[in-house]
Amino acid sequence: MSWKSHVNSVIDSCKSSLNVIKMIAHQDWGSSTQTLLTIINALIRSKIEYSLSIYNSTTNRMTKKLFSVYHYGLRIATGAHRTTPIMSLYAVSGQIPLEYRISKQLLNYTVRVLGNRNHPNHADFSQPLFQNSYQLAPRISPPCNVWSKILLQELHCKPTLIPQFSLPYPWAIPPPHINIALSQYRKAETNPNWYQILLRDILTNHEKSKLIFTDGSKDATGTGAAFSSEKQKGLFKLPPESSIYSAELYAIKQALKYVLNSEHDTYCILTD
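All figures in this text were calculated on a predicted structure; none of them were measured in a lab. (Residues numbered from 1 in each chain as written. Predicted model: local features only at pLDDT ≥ 70, side-chain atom pairs only at ≥ 80, totals over all residues. Heavy atoms only, no water.)

**Q** Sorry, what's going on with the overall build of the chain here?
**A** Broken down by element type, the chain carries eleven helices and four strands. Computed over the C-alpha atoms, the radius of gyration of the chain is 31 Å, more than 25% above the 19 Å expected from 2.2 N^0.38 for a compact globule of 272 residues. Counting the 272 residues in the chain, one finds 32% classified as buried. Put simply, 55% of the contacts in the chain that link residues at least 6 apart link residues at least 24 apart. (Helix = DSSP H or I, 4+ residues; strand = E, 2+ residues; numbered from the N terminus. Rg over C-alpha atoms; globule rule 2.2 N^0.38 Å. Buried < 20%, exposed > 50% of the residue type's maximum accessible area, 1.4 Å probe, protein only. Contact = heavy atoms within 4.5 Å.)

The following block contains the structure:
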């Protein structure tokens, strides 16, 4: 597959962007070199690099034709002559050659694929078909999976599989039981002793649970959060601009961290 139609389409799109860059690259009142390079990379290089590692199996002639558009943009930005060598053009502009950027892009993708056995392209990249055939015919550009294999061999790199963890899906985790029965009583109108009676009644349903108390506070001197359990206490200082709601939530977060590292099965967090 030559990808000729796609490459020509990308070139036409980039040429229209070059016309815009020519307008703002005037020698007297135009943008600076660094500004032009930023625009060129955003409008031209991004189009060229998008999925280029996949259709890079096109002919060398089409690849050079595609890259020449970007090189022309670099000449506009730097004011270099048409006879300036390509590598000198990259050095003057401070840009990484497209060939190296494409290889890096492909290697990043290959490492992600080979590191995940469940990836749909894992088999194609780990054992590419007809790899030896492309090595015997160097004039034929290999597809991305074969090309990535060659790059890894040249770098003496062998990606390892990422360990798979059998974590439950979020929707499979049962939601926590939240009891807000006490919130129906207004604090200013309710006797504290009545609160204690109601709380003891609620806790009769959690006799096997370890209790953790959390609280947050804020005053003129600062903001803090804390939690307290049977075996451990935690005190935390927050930025003074933090709200009381942030302090309360941070206290609950720290209590949950303590629960995750604890050996006990069930906990009951009491917070206001």
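**Q** Hey, could you run me through the side chain of E49 in this one?
**A** You can see E49 is positioned in helix α2 (residues 33–49). A polar contact of 2.4 Å, which involves the side chain of E49, links it to the side chain of R101. (Polar contact = N/O pair within 3.5 Å; in protein donor to acceptor, adjacent residues only side chain to side chain.)

**Q** Teacher, can you tell me more about the nonpolar core here?
**A** In a soluble, globular protein the nonpolar side chains are often hidden away together inside. One finds I21, I44, I48, L66, F67, Y70 and L98 to be the most contacted residues of the largest nonpolar core, which totals 33 residues. Contributions of two or more residues to this core are made by α1 (4–23), α2, α4 (60–78), α5 (86–93), α6 (98–114) and α9 (144–155). Top contributing element to this core by residue count: α4, with eight residues. Once residues within four sequence positions are removed from consideration, I21 is found in contact with L36, I39, I40, I44 and I76. With five residues, the next largest nonpolar core counts I212, A255, Y258 and Y267 among its residues. (Core = buried A, V, L, I, M, F, W, Y, C linked by side-chain atoms within 4.5 Å.)

**Q** Explanation requested: the side chain of S148 in the structure shown.
**A** Checked against the element boundaries, S148 lands in helix α9. For S148, a relative accessible area of 1% puts it in the buried group. Contact partners of S148, with chain neighbours within four places excluded, come to L106, L107, T110 and F125.

**Q** How should I be thinking about the packing of α2 against α6 in this particular structure?
**A** Packed helix pairs are specified by the crossing angle of their axes together with the interaxial distance, meaning the distance between the axes. Where α2 meets α6, the axes come as close as 11 Å, and the angle between the chain directions of the two elements is 50 degrees. Relative to α6, the element α2 lies oblique. The handedness of the crossing between α2 and α6 is right-handed. Across the interface between the two elements, R45, I48 and E49 of α2 pack against L98, R101 and Q105 of α6. Broken down by class, the residue content of the contact of α2 with α6 amounts to two nonpolar, one polar and three charged. (Axes fitted to C-alpha atoms, helices over the stretch in contact; angles between N-to-C directions. Parallel < 35°, antiparallel > 145°, perpendicular 65-115°, else oblique. Left-handed = near helix turned anticlockwise from the far one by under 90°. Nonpolar A, V, L, I, M, F, W, Y, C, P; charged D, E, K, R; others polar.)

**Q** Explanation requested: the packing of aromatic side chains in the structure shown.
**A** Think of a pair of aromatic rings as described by two things: how far the centres are apart, and how the planes are tilted against each other in angle. The tally for this structure, following the rule as stated, stands at five aromatic pairs. A centroid spacing of 5.7 Å and a plane angle of 35 degrees characterise the contact between F227 and Y258, whose relative ring orientation is tilted. Taken together, the residues F227 in strand β2 (residues 222–228) and Y258 in helix α11 (residues 244–260) connect sequence positions 31 residues apart. Like F227, the residue Y258 is buried in the burial classification. (Phe/Tyr/Trp six-rings, centres within 6.5 Å; stacked < 30°, edge-to-face > 60°.)

**Q** When you look at the pairing of strand β1 (residues 210–219) in this model, what are you seeing that I'm missing?
**A** On any regular strand, side chains alternate: one points to one face of the sheet, the next to the other face. Examined bridge by bridge, β1 and strand β4 (residues 267–270) share four bridges and lie parallel to one another. Following the sheet pairing, F213 is matched in β4 by L270. As judged from the seven bridges shared by β1 and β2, these two strands associate in the antiparallel manner. Across the sheet, the residue bridging to S217 is G224, located in β2. Connecting the antiparallel pair β1 and β2 is a turn made up of two residues. (Pairing = 2+ DSSP bridges.)

**Q** Honestly, the packing of α1 against α4 in this entry has me stumped. Any pointers?
**A** Orientation of α1 relative to α4, taken along the N-to-C sense of each, is 10 degrees, at an axis distance of 10 Å. Of the possible angle classes, the one that applies to α1 and α4 is roughly parallel. Facing α1, whose interface residues are K4, V7, N8, V10, I11, C14, K15, L18, I21 and K22, α4 presents M62, K65, L66, V69, Y72, G73 and I76. Taken together, the residues that form the contact of α1 with α4 break down as eleven nonpolar, two polar and four charged.

**Q** Looking at this structure, how should I read the pairing of β2?
**A** Among the seven residues of β2, five are classified as buried, and the element is accordingly described as predominantly covered. Strand direction decides the pairing type here: β2 and strand β3 (residues 233–238), joined by six bridges, are antiparallel. Paired with A225 across the bridge in β3 is F236.

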